[in-house]
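# Coordinate inspection notes
The chain contents come next:
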Amino acid sequence: MTGCHVNSARVVVDSRIAQTPEALYCRLRQKGTKQLIFVPSTVCSWPLDAEQWGDFLNRIFAIWVREDIGKLSVQIFDDALEAWCGERVYQGNGSLKCQSCFGRRLCTSANNSLLCDGYLAFYQYSAPFMKVMRDLIRNNHSASELMTLLRQTR
């Protein structure tokens, strides 16, 4: 893990780190981190596979969406929300698999086909939440209002 500055952290996620995403996220949040960039590692001695990557993202998103929208920026979550809002459009690598993929317009995988299924798992898991945040934004509300809505449904 390296930091760009005090409130930002760039975390290289390998298979060991992916086992305890909640602990990592909470530790970084307690340190006052305001921006997180997660980078999947597929080349180290602890390579990450697509299932681990998707599970890692989903478990962190589950905390973030209930507690930290607007408080802590997670780049992949921000990028996905921007795509849902029509601010960014990603097209994958143009392969047949990418062209027919649910996550094509959201994809930030930089053509990392080893992790496609993990990104797709995240896009599918986060879709209902992203749609609500998109609709809140379109109606001149803050995406963070989703946290209040989620607390009311418990």
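The rules behind these values
Residues numbered from 1 in each chain as written. Predicted model: local features only at pLDDT ≥ 70, side-chain atom pairs only at ≥ 80, totals over all residues. Heavy atoms only, no water. pLDDT = per-residue confidence, 0-100. Contact = heavy atoms within 4.5 Å. Helix = DSSP H or I, 4+ residues; strand = E, 2+ residues; numbered from the N terminus. Expected span 1.5 Å × (residues − 1). Buried < 20%, exposed > 50% of the residue type's maximum accessible area, 1.4 Å probe, protein only. Polar contact = N/O pair within 3.5 Å; in protein donor to acceptor, adjacent residues only side chain to side chain. Phe/Tyr/Trp six-rings, centres within 6.5 Å; stacked < 30°, edge-to-face > 60°. Arc of directions from axis to C-beta.

### Considering the confidence of the model for the chain
Summing up the model confidence of the chain, the mean pLDDT is 87 and the portion of residues at 70 or higher is 84%. Within the model, the stretch residues 1–5 combines pLDDT values under 50 with seven contacts to residues more than four positions away or in other chains.

### Quick notes on helix α2 (residues 50–67)
Along its 18 residues, α2 runs 26 Å from first to last C-alpha, staying within 8% of the 26 Å computed at 1.5 Å per residue. Along α2, the residues classified as buried are A50, W53, G54, F56, L57, N58, I60, F61, I63, W64 and V65. Capping of α2 at its N-terminal end is provided by D49; its side-chain oxygen lies 3.1 Å from the backbone amide nitrogen of E51.

### Topic: the packing of aromatic side chains
Across all of its chains, the model carries 13 aromatic pairs by this definition. Ring geometry for W53 versus Y119: centroids 5.8 Å apart, planes at 70°, classification edge-to-face. In this pair, W53 is assigned in helix α2 and Y119 in helix α5 (residues 116–138), connecting sequence segments 66 residues apart. This pair shows no difference in class: W53 is buried, exactly as Y119 is. Taken together, a centroid distance of 6.2 Å and an interplanar angle of 85° make the contact between F61 and Y125 edge-to-face. Within this pair, whereas F61 is found in helix α2, its partner Y125 is found in helix α5, the two being separated by 64 residues in sequence. F61 gets classed as buried once you look at its relative accessible area, which sits at 0%. Looking at Y125, the relative accessible area reads 33%, which means it is partly exposed.

### Looking at helix α1 (residues 21–30)
Because the α-helix completes a turn every 3.6 residues, residues three or four places apart line up on one side. If you check which residues of α1 are buried, you get P21, L24, Y25 and L28. Buried residues of α1, seen end-on, are gathered within an arc of 95° and therefore sit on one face of the element. Positive phi appears at G32, one or two residues downstream of α1, with a value of about 90°.

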